[in-house]
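Summary of structural features
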Amino acid sequence: MITSREVASGSSWWYGDYRVDETRVLFDINIPVTVRFTPLPMFYVEAGGRASFNLATSHTLDYYDEDGNSIDVPSRYSDLDEWKVKTFVPSVIGGFGFTINKQLEIGARFIMDLGGIEDDDKIFLYDTKKDDFVRDANGDPRVETNGTKNWTIQVVGNYYFR
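Residues numbered from 1 in each chain as written. Predicted model: local features only at pLDDT ≥ 70, side-chain atom pairs only at ≥ 80, totals over all residues. Heavy atoms only, no water.

**A word on a nonpolar patch on the surface**
The condition that has to hold: Exposure above 30% relative accessible area and the lack of any salt bridge qualify a residue for a patch; like charges then connect within 9 Å, and the nonpolar side chains Val, Leu, Ile, Met, Phe, Trp and Tyr within 5 Å. Note on areas: Shrake-Rupley with a 1.4 Å probe; residue coverage comes only from the protein chains shown. Should a side-chain nitrogen of Lys or Arg be within 4 Å of a carboxyl oxygen of Asp or Glu, the pair is scored as a salt bridge. Runs of H or I in DSSP of at least four residues are treated as helices and runs of E of at least two as strands, each being numbered from the N terminus.
A cluster of nonpolar side chains, V35, F37, V45, F96, F98, I100, L104, I106, F110, I153, Y159 and F161, forms an exposed patch at the surface whose accessible area comes to about 1200 Å². Elements represented by at least two residues in the nonpolar patch include exactly strand 2 (16-40), strand 4 (88-99), strand 5 (104-113) and strand 10 (151-159). Considering each element in turn, the nonpolar patch owes the most residues, three residues, to strand 5.

What follows is the structure, given as structure tokens:
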């Protein structure tokens, strides 16, 4: 799985206008197990689970100035370049499909992780306008839970050689 997106942009006294792009790569093995029901001769419904074994990740944050030139960011911010995910993430699967003939089927599957994918799922909220952490009534930094989950839609094509 590869995702890339712009995660921030703004203006600072040092860099002027800037943009931050994030790229995440996840290498994993997915093992789906489904049960198929055939309520009509040409239509099927399937349900089950999937075990995802996350093997490795890659994460980069690229910083650019207003002209698109790369910016070197001080090393004290290098911890932002880490992305750690859980080794095992279970998922549920639901799907449907149609039998075109004895050799060909088409369908779709919807897959949702049961738990969050992030290994460290706690986020300290930061207020960029105040340049400080958001604090609770006791003055402690406010912590939120990152519930990032993967949703997957698969287009399925089965061809049976006979």
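**So, the packing of aromatic side chains**
Here is the rule we go by: Pairing of aromatic side chains requires ring centres within 6.5 Å, counting the rings of Phe and Tyr and the six-membered ring of Trp. Pairs whose planes differ by under 30 degrees are stacked, by over 60 edge-to-face, and all others tilted. Here the term buried applies to any residue with accessible area under 20% of the maximum for its type, exposed to any over 50%, and partly exposed to those in between, with areas from a 1.4 Å probe on protein chains only. Cation placement over rings: the criterion is NZ of Lys or CZ of Arg within 6 Å of the ring centroid and within 35° of the ring normal.
Counting across every chain of the model gives five aromatic pairs. Here F53 and F88 contribute two aromatic rings whose centre-to-centre distance is 5.4 Å and whose plane-to-plane angle is 45 degrees, an arrangement assigned as tilted. Linking F53 in strand 3 (residues 43-65) with F88 in strand 4, this pair joins segments that are 35 residues apart in sequence. For F53, a relative accessible area of 35% gives the class partly exposed. Relative accessible area serves as the criterion here: at 43%, F88 is assigned to the partly exposed category. Put simply, the rings of F43, F96, F98 and F110 touch in pairs and so form one group of aromatic residues. Here the guanidinium or amino end of R36 rests over the ring plane of Y44, the centre of that ring lying 3.7 Å away.

**Digging into the pattern of salt bridges**
The tally for this structure, following the rule as stated, stands at three salt bridges. For R36, the salt bridge is made with E105, and the minimal N-O distance between the two is 3.0 Å. With a gap of 69 residues between them, R36 in strand 2 and E105 in strand 5 connect regions that are remote in the sequence. Of the residues examined, E105 reaches a relative accessible area of 7% and is grouped as buried. Notably, a salt bridge pairs R109 with E46, separated by 2.7 Å at the nearest N-O pair. Here the residue R109 occupies a position in strand 5, and E46 occupies one in strand 3, the gap between them amounting to 63 residues. The exposure classification of R109 matches that of E46, with both residues buried.

So yeah, pure geometry; function would need other evidence.
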